[in-house]
Amino acid sequence: MNPTRSSRRAGPLLAAVALLAVLAAGCGIPRDPESTLDRVQGGTLRAGITASEPWTTLEGGRPGGVEVELVEWFATELGARVEWVDGSEADLMAALEVRELDLVVGGLTADTPWQAKAAITRSYATTRVVVAVPSSQPAPDDIAGLRVAVEAGTDAAGILEDKTDAIPVRVADVTQVRGSAVAIEEWLLADLDLRDTGVHLSKSKHVMATPMGENAFLVRLERFLIANQGEVPALLDKAEAGR
């Protein structure tokens, strides 16, 4: 028995409908269940901040630093104003989790322990702590036995102590040390006329945090950060000049 004309058309039609359904489900269009991006555009961006120089500062209660400038630029792109909320990292992440905040900044890095409570952006900047010497001195072939100034209470001090044969000399502010080897952020080398010895103690990938599931907002923020990552070195220099 030959199939009818309508049944012959039904097969391709059903296949096309099924294909469209699959494409719609897998197209990857980011969405915000709570409409964060739509609400922020032309409105208010609620940003949590905790101090972590040079990325964020709260001198006199006024937000400043690299990430504050980036967030302000992002808000301008969205036609929004920023409402800053300062607090501890734990308190800010709790507020972010229940969507009382739209993002949190504070020198967060990709290995942040808050990934179970917040969506983390892709890294927009990478910084390193290196062992450096004054540019007037040749870089040593080996730092074994070398006295290296390092800020007390930092992970760099612990790494220098446990992972190298150098002699850590703990100081309050490594940027004030002159004439000797130092463990210092790589971006400060040129400003302080220092030479990288090639010994790198740590690497940090910097991120921001947004509420879980607000994917349209997260993607918009990530695109902004990647587009402006070339501005980070100048913002770091500005932050250092303002110390």
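Residues numbered from 1 in each chain as written. Predicted model: local features only at pLDDT ≥ 70, side-chain atom pairs only at ≥ 80, totals over all residues. Heavy atoms only, no water.

1. Things to note about the overall build of the chain
In terms of regular secondary structure, the chain is built from seven helices and twelve strands. Taking all 243 residues of the chain together, 39% fall into the buried category. Look at the contacts in the chain between residues 6 or more apart in sequence, and 73% of them connect residues 24 or more apart. Accessible area of the chain: about 13,100 Å², with a carbon and sulfur share of 52%. (Helix = DSSP H or I, 4+ residues; strand = E, 2+ residues; numbered from the N terminus. Buried < 20%, exposed > 50% of the residue type's maximum accessible area, 1.4 Å probe, protein only. Contact = heavy atoms within 4.5 Å. Areas by Shrake-Rupley, 256 points an atom, 1.4 Å probe, with all protein chains shown as cover.)

2. Quick word on the packing of aromatic side chains
Per the stated rule, a full pass over the model turns up three aromatic pairs. Among the aromatic side chains, those forming a connected cluster through ring pairs are Phe-74, Phe-217 and Phe-224. (Phe/Tyr/Trp six-rings, centres within 6.5 Å; stacked < 30°, edge-to-face > 60°.)

3. Observations concerning the pattern of salt bridges
On inspection of all chains with the given rule, the structure shows ten salt bridges. Across the pair Asp-102 and Arg-46 runs a salt bridge whose closest N-O atoms are separated by 3.0 Å. One end of the pair, Asp-102, is in the loop between helix H4 (89-97) and strand S5 (103-105); the other, Arg-46, is in strand S1 (residues 44-49), with 56 residues separating them in the sequence. Like Asp-102, the residue Arg-46 is buried in the burial classification. As a salt-bridge pair, Arg-81 and Glu-83 come within 4.0 Å of each other at their nearest N and O atoms. What makes Glu-83 partly exposed here is its relative accessible area of 34%. (Salt bridge = Lys/Arg side-chain N within 4 Å of Asp/Glu carboxyl O.)

4. Some words on the packing of helix H3 (residues 66-77) against helix H7 (residues 232-241)
The N-to-C vectors of H3 and H7 enclose an angle of 130°; their axes lie 9 Å apart at closest approach. The orientation of H3 with respect to H7, classified from their angle, is oblique. Contacts between H3 and H7 involve Val-66, Glu-69, Leu-70 and Trp-73 from the first element and Leu-235, Leu-236, Lys-238 and Ala-239 from the second. Taken together, the residues that form the contact of H3 with H7 break down as six nonpolar, no polar and two charged. (Axes fitted to C-alpha atoms, helices over the stretch in contact; angles between N-to-C directions. Parallel < 35°, antiparallel > 145°, perpendicular 65-115°, else oblique. Nonpolar A, V, L, I, M, F, W, Y, C, P; charged D, E, K, R; others polar.)

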